[in-house]
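Each chain, letter by letter, is given below.
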Amino acid sequence: MHLLDILVVDDTRPNQTSMEPQRQDALTFVASSMGHAQLCTTFNPFQFNDTNFPREAIEALNDDFARGAIAVKIWKNVGMELKSASGQYVMPDDPRLEPIYRDIAAHHKTLIAHLAEPDTAWGSEDPKAPYAGYYRANPQWDMTKKPSAPPKKAILQARDHLLAMNPDLRVVGAHLGSMEDDLDEIDTHLRRYPNFAVDTAARVLSFIIQPRDKVQAFILKNQDRILYGTDLGFRSGSDQAAIQEFETQYALDWRYFATDDTFEYHGHKVKALNLPRSVLKKVYHDNAVHWIPGIDANPR
């Protein structure tokens, strides 16, 4: 197994408010993994209004590249939280971010882009709507509480502009590219932007609640552009319960993709997809190797 250890700067979580010490913790973990883990670094978006932001962000990224980082994460606080000095929401295609994208591409690294959120974040009256519980527990991402914030469509349009402006930059759209409710829309984007792929992290449920035949057809058609992901993580001091959660979720997802069982998936009865072995190998291995070069470094 090979893992991608992804950093984000999140001012709503005490352990992620800055790059340090999480950056050093991740480098230590990767170094101790005997080649089984690689680093996806990030930049601190909350330094956006600093005069030297682009240059200092690039210098920090390049230092991490020199230490072996293979990818960079841009997170949902761009578009959904971060504001410029004039009070405007900063969008993913802001000109001040463009030098960073060009540098990532020049180093042949991958941008992991979690931009926007499920539609539920912009309002749903259904308490059982997919992911509604997350926004009750994390109201800072409930966009109905931010009436001046950009609509989801605007954030994704800015993401699309980023893709168009940087055709040499490999971009993996985390969480099905935040288009999880519309497989046709994802398919359209994959056709339009050859530098774009998506991962399944924390969005397998979005497959579960859609028609099985449609999901099968979508995956088969786009079998070279879908990467398996979990969105799970371990932190220093994680107990056995956290390890069990990872193992349970991984096995549950594998059962859905790989078997023809009928079973319960987080409260939803589902008929599994029974994907061909050749497709499973792409989703679980080959696509990650292609879209995130370096993730398969041989164990020492």
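Scroll up for the structure.
Structure report, in brief. Everything numeric in this text was worked out from a predicted model, so none of it was measured.

Conventions used here
- Residues numbered from 1 in each chain as written.
- Predicted model: local features only at pLDDT ≥ 70, side-chain atom pairs only at ≥ 80, totals over all residues.
- Heavy atoms only, no water.
- Helix = DSSP H or I, 4+ residues; strand = E, 2+ residues; numbered from the N terminus.
- Rg over C-alpha atoms; globule rule 2.2 N^0.38 Å.
- Buried < 20%, exposed > 50% of the residue type's maximum accessible area, 1.4 Å probe, protein only.
- Contact = heavy atoms within 4.5 Å.
- Areas by Shrake-Rupley, 256 points an atom, 1.4 Å probe, with all protein chains shown as cover.
- Core = buried A, V, L, I, M, F, W, Y, C linked by side-chain atoms within 4.5 Å.
- 1 Å grid on protein atoms, 1.4 Å probe; cavity = no way out; pocket = protein on both sides within 12 Å on 5 of 7 lines; lining within 4 Å.
- Points joined across faces, edges and corners; volume = space filled by probe spheres on them.
- Nonpolar A, V, L, I, M, F, W, Y, C, P; charged D, E, K, R; others polar.
- Lys, Arg positive; Asp, Glu negative; His and termini not counted.
- Salt bridge = Lys/Arg side-chain N within 4 Å of Asp/Glu carboxyl O.
- Pairing = 2+ DSSP bridges.
- Axes fitted to C-alpha atoms, helices over the stretch in contact; angles between N-to-C directions.
- Left-handed = near helix turned anticlockwise from the far one by under 90°.

## Section: the overall build of the chain
Along its length, the chain carries 12 helices and nine strands. In summary, the chain has a C-alpha radius of gyration of 19 Å against a globular reference of 19 Å for 300 residues, a match within 12%. Taking the principal axes of the C-alpha coordinates as reference, the chain spans close to 55 × 50 × 40 Å. Within the span of the chain, comprising 300 residues, buried residues form 51% of the whole. Sequence separation of at least 24 residues holds for 70% of the intrachain contacts in the chain that already meet a minimum separation of 6. Working note: accessible area of the chain is about 14,200 Å², and carbon and sulfur atoms make up 52% of it.

## Concerning the nonpolar core
The biggest cluster of nonpolar side chains holds 79 residues, and the ones touching the most others in it are Ile 100, Leu 111, Phe 207, Ile 219, Tyr 256 and Phe 257. Leaving out residues up to four positions away in the same chain, Phe 257 has contacts with Thr 200, Val 204, Phe 207, Ile 219, Tyr 228, Leu 273, Asn 274, Leu 275, Leu 280 and Tyr 284. Of all hydrophobic cores here, the second largest spans 12 residues; its members include Ile 70, Ala 71, Ile 112 and Leu 227.

## A word on empty space enclosed by the protein
By the definition in use, this model includes one cavity of 30 Å³ or more. Of the volumes computed, that of the largest cavity is approximately 50 Å³. Together, Val 9, Thr 42, Phe 43, Pro 45, Lys 73, Ile 74, Trp 75, Asn 77 and Val 78 line the largest cavity. When contributions to the lining of the largest cavity are tallied by element, the ones reaching two or more residues are strand 3 (71–74) and helix 3 (77–80).

## Re the layout of surface pockets
By volume, the second largest pocket amounts to about 200 Å³. Lining the second largest pocket are 13 residues; nearest its centre among them are Lys 152, Lys 153, Leu 156, Met 179 and Glu 185. Looking at the lining of the second largest pocket, the elements that each hand over two or more residues are helix 6 (152–165) and helix 8 (183–192). Of all the elements, helix 6 adds the most residues to the lining of the second largest pocket, at five residues. Of the residues assigned to the lining of the second largest pocket, the class counts are two nonpolar, three polar and eight charged.

## Overview of the side chain of Lys 109
With respect to the element layout, Lys 109 can be found in the loop between helix 4 (98–106) and strand 4 (110–113). Of the buried charged residues, Lys 109 lacks a salt bridge, with Asp 103 as the closest side chain of opposite charge at 9.9 Å. Not counting residues up to four positions away in its chain, the partners in contact with Lys 109 are Phe 65, Ala 69, Ile 70, Ala 71, Ile 104, Leu 169 and Arg 170.

## Observations regarding the sheet that holds strand 4
What holds strands together in a sheet is hydrogen bonding between their backbones, with the strands either parallel or antiparallel. Within the open sheet, the seven strands sit side by side as 1-2-3-4-5-6-7. Their pairing is parallel. Of all the strands in the sheet, just strand 1 (3–6) and strand 7 (226–227) have a single pairing partner and so form its edges. Strand direction decides the pairing type here: strand 6 (residues 196–199) and strand 7, joined by two bridges, are parallel. In the strand pairing of strand 7, Val 198 is matched with Ile 226.

## Quick notes on the pattern of salt bridges
In this structure the tally under the stated criterion is 18 salt bridges. Notably, a salt bridge pairs Lys 214 with Asp 184, separated by 3.3 Å at the nearest N-O pair. Of this pair, Lys 214 sits in helix 10 (residues 212–221) while Asp 184 sits in helix 8, and the two are 30 residues apart along the sequence. By relative accessible area, which is 35% here, Lys 214 ends up partly exposed. What makes Asp 184 partly exposed here is its relative accessible area of 47%.

## Looking at the packing of helix 11 (residues 240–258) against helix 12 (residues 277–291)
Closest axis-to-axis distance for the helix 11/helix 12 pair is 11 Å, and the angle between their directions is 145 degrees. Helix-helix and strand crossings are classified by hand; for helix 11 and helix 12 the assignment is right-handed. In this structure, helix 11 contributes Tyr 250, Asp 253, Trp 254, Phe 257 and Ala 258 to the contact, and helix 12 contributes Arg 277, Leu 280 and Tyr 284. Tallied by class, residues from the contact of helix 11 with helix 12 come to six nonpolar, no polar and two charged.

## Here we look at the pairing of strand 6
Going residue by residue along strand 6, you find Phe 196 and Val 198 tucked away on one face and Ala 197 and Asp 199 tucked away on the opposite face as well. As paired strands, strand 5 (residues 170–173) and strand 6 are joined by three bridges and run parallel to one another. Within strand 6, the residue paired with Val 172 across the bridge is Ala 197.

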